[in-house]
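In case you want the letters, here they are:
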Amino acid sequence: MISTKEDLKNIIALEEKGYGRSSLIRRYLRELRICEYYKNCAGGGGRTRLLFKLHNFYRNRLGLRLGFEIPLNVFGKGLHIFHTGNIIINGTSSVGEYCNIIGSTCLGSKNGGNGPTLGDHCELGMNSVVIGNVQIGNNVYIGAGAVVTKSFEQNGVSLAGVPAKIVASRKDSKKAD
């Protein structure tokens, strides 16, 4: 959660690596983090509310252009999005630090309940879907087209299939490379 100007600067600097200066994804992530900062500022006056509304307007416009619907305060630091197109995240979801999203991903709730909780260093493949109040461990790779509907709290595994199941441990998948 971004609560100080120093946190904001550090997270923006971290997340801008790997994007070109004119990248729309880079601009979107910057606006997302600035909105989180102004939303989390305790005791913010009229200026803080005005800046929040302005940056939120820019974030929503970029989100429409890119196909992103990402609520505030869901992702930890180090979020990296590789491709544009339909990234839909439920506001009750929680994702740890250093998450990679390849593209066209959905993190949603089931029947209006809570969204999924993903650990640190997770990677979501193209067209992956995580639905319901499920817990996903650290260092988990969710493969392209996988549909996760139950919890996988093991660390360092790869998930694939519909419905998703463990296909490899991350140690095994590194040997194959």
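Procedures and definitions
- Residues numbered from 1 in each chain as written.
- Predicted model: local features only at pLDDT ≥ 70, side-chain atom pairs only at ≥ 80, totals over all residues.
- Heavy atoms only, no water.
- Pairing = 2+ DSSP bridges.
- Helix = DSSP H or I, 4+ residues; strand = E, 2+ residues; numbered from the N terminus.
- Phe/Tyr/Trp six-rings, centres within 6.5 Å; stacked < 30°, edge-to-face > 60°.
- Axes fitted to C-alpha atoms, helices over the stretch in contact; angles between N-to-C directions.
- Parallel < 35°, antiparallel > 145°, perpendicular 65-115°, else oblique.
- Left-handed = near helix turned anticlockwise from the far one by under 90°.
- Contact = heavy atoms within 4.5 Å.
- Nonpolar A, V, L, I, M, F, W, Y, C, P; charged D, E, K, R; others polar.
- Polar contact = N/O pair within 3.5 Å; in protein donor to acceptor, adjacent residues only side chain to side chain.
- Buried < 20%, exposed > 50% of the residue type's maximum accessible area, 1.4 Å probe, protein only.
- Arc of directions from axis to C-beta.
- Salt bridge = Lys/Arg side-chain N within 4 Å of Asp/Glu carboxyl O.

Draft legend 1. Representation of the sheet that holds strand β5 (residues 100-101) within the structure. Taking strand neighbours across the sheet as the criterion, the six strands line up as β2-β5-β8-β11-β13-β14 in an open arrangement whose pairing is mixed. The two strands at the open ends of the sheet, each matched to only one other strand, are β2 (80-81) and β14 (165-169). By the bridge criterion, two bridges tie strand β11 (residues 141-142) to strand β13 (residues 157-160) in an arrangement that is parallel. Note that in β13 the partner of Ile142 across the bridge is Leu159.

Draft legend 2. Local environment of the sheet that holds strand β7 (residues 117-118). Judged by pairing direction, the sheet is parallel, and its three strands sit side by side in the order β4-β7-β10 without closing on themselves. In the strand order of this sheet, the two ends are held by β4 (94-95) and β10 (135-136), each with one partner. Summarising the sheet, β4 and β7 pair through two bridges and their orientation is parallel. When the bridges of β7 are listed, Ser94 appears paired with Thr117.

Draft legend 3. Molecular detail of the packing of aromatic side chains. Inspection of every chain in the model, using the stated rule, returns three aromatic pairs. Between Tyr28 and Phe68, the aromatic rings sit 5.2 Å apart at their centres with planes inclined by 80°, giving edge-to-face as the arrangement. Of this pair, Tyr28 sits in helix α2 (residues 24-40) while Phe68 sits in strand β1 (residues 68-69), placing them 40 residues apart in sequence.

Draft legend 4. Representation of the packing of helix α1 (residues 5-15) against α2 in the model. Contact geometry of α1 with α2 gives a least axis separation of 10 Å together with a crossing angle of 165°. As summarised for this structure, α1 and α2 are arranged roughly antiparallel, according to the angle between their axes. Handedness of the crossing formed by α1 with α2: right-handed. Between α1 and α2, the contacting residues are Lys5, Leu8, Ile11, Ile12 and Glu15 on the first element and Leu29, Arg30, Arg33, Ile34, Tyr37 and Tyr38 on the second. Among the residues forming the contact of α1 with α2, the class breakdown is seven nonpolar, no polar and four charged.

Draft legend 5. Region of interest: the side chain of Asn56. One can find Asn56 in helix α3 (residues 46-66). At 2.7 Å, the side chain of Asn56 forms a polar contact with the side chain of Arg59.

Draft legend 6. Here's a closer look at α1. When α1 is considered as a whole, its buried residues turn out to be Leu8, Ile11, Ile12 and Glu15. Each buried residue of α1 sits inside an arc of 100° when the element is viewed along its axis, so together they form one side. Buried-residue contacts for α1 involve α2.

Draft legend 7. Region of the structure containing the pattern of salt bridges. Tallied over the entire structure, the rule returns four salt bridges. With its nearest N and O atoms 3.2 Å apart, the salt bridge here joins Arg26 to Glu16. Remark: Glu16 occurs in the loop between α1 and α2 and Arg26 occurs in helix α2; sequence separation between them is ten residues. Across the pair, Glu16 and Arg26 agree in class, each one buried. What makes Glu16 buried here is its relative accessible area of 19%. When salt bridges that share partners are traced, they join Glu15, Arg33 and Glu36 into one network.

Draft legend 8. Representation of unusual backbone geometry within the structure. Val162 connects to Pro163 through a cis peptide bond whose omega is -10°. Within the secondary structure, Pro163 sits in the loop between β13 and β14. Despite not being glycine, His121 shows a phi value in the positive range, around 60°. Take His121: it is sitting in the loop between β7 and β8 (123-124).

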